[in-house]
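Coordinate analysis (summary)
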Amino acid sequence: MKLTLETIIQRNNEILTSDLDGEKVMISIQLGEYFGLGKTGSFIWDQLEKPIKIDDLIQLIIEKYLIEKEKCWNDILPFLNDLLEKELIIATKSQ
């Protein structure tokens, strides 16, 4: 699925997550792999607890990190695509 500003994303609830000094460590039982997120990735992960439109997620990131929308989109798109490819998040089309 191609991610857009209108795509709704959320965590895959089958992923086990633990907080370690403000960073996230995640384990995919299905894939038998573990993943680590830094502080910014952990902030994004926390926002994905409930379904959220990517455009709304970007607004939260802009407010926290004081960056421009276009830069934010360009910076997080590869990260979100990576999470989606590894089945750590679920994406659905906007309703």
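Each remark here, short or long, concerns the structure printed above.
Note that the structure is a prediction, hence the values are computed from the model and not measured. (Residues numbered from 1 in each chain as written. Predicted model: local features only at pLDDT ≥ 70, side-chain atom pairs only at ≥ 80, totals over all residues. Heavy atoms only, no water.)

**Some thoughts on the pairing of strand S1 (residues 8-11)**
Operational definition: Strands were regarded as paired on the criterion that DSSP finds at least two bridges between them. Strands are runs of DSSP state E lasting at least 2 residues, helices are runs of H or I lasting at least 4, and numbering of each runs from the N terminus.
Relative to strand S5 (residues 52-53), S1 runs antiparallel, the two being bridged by two bridges. Within the sheet, the bridge partner assigned to Ile8 lies in S5 and is Lys53. Sheet analysis places S1 next to strand S6 (residues 89-92), joined by four bridges and oriented antiparallel. Looking at the pairing, Gln10 lines up with Ile90 of S6.

**Quick notes on the sheet that holds S1**
Taken in spatial order, the three strands of this open sheet run S5-S1-S6, and their pairing is antiparallel. For this open sheet the edge positions go to S5 and S6, each flanked by a neighbour on one side alone.

**Digging into the side chain of Lys24**
Just so we agree on the cut-off: Each residue is assigned to one of three classes by its accessible area relative to the maximum for its type, calculated with a 1.4 Å probe on protein chains only: buried under 20%, partly exposed between the two thresholds, exposed over 50%.
Take Lys24: it is sitting in strand S3 (residues 23-28). On the basis of relative accessibility, which here comes to 10%, the residue Lys24 falls in the buried class.

**Structural notes on the environment of Asn74**
Within the fold, Asn74 resides in helix H3 (residues 69-85). On the basis of relative accessibility, which here comes to 47%, the residue Asn74 falls in the partly exposed class. The sequence separation of Asn74 and Asp55 amounts to 19 residues, and the corresponding C-alpha distance is 12 Å.

**A short note on unusual backbone geometry**
A positive phi is found at Leu66, a non-glycine position, where the angle reads about 50°. For Leu66, the location among the structural elements is in the loop between helix H2 (54-65) and H3. Note on Leu66: relative accessible area 74%, which makes it exposed. Phi is positive for Glu87, close to 60°, though the residue is something other than glycine. Residue placement: Glu87 occurs in the loop between H3 and S6.

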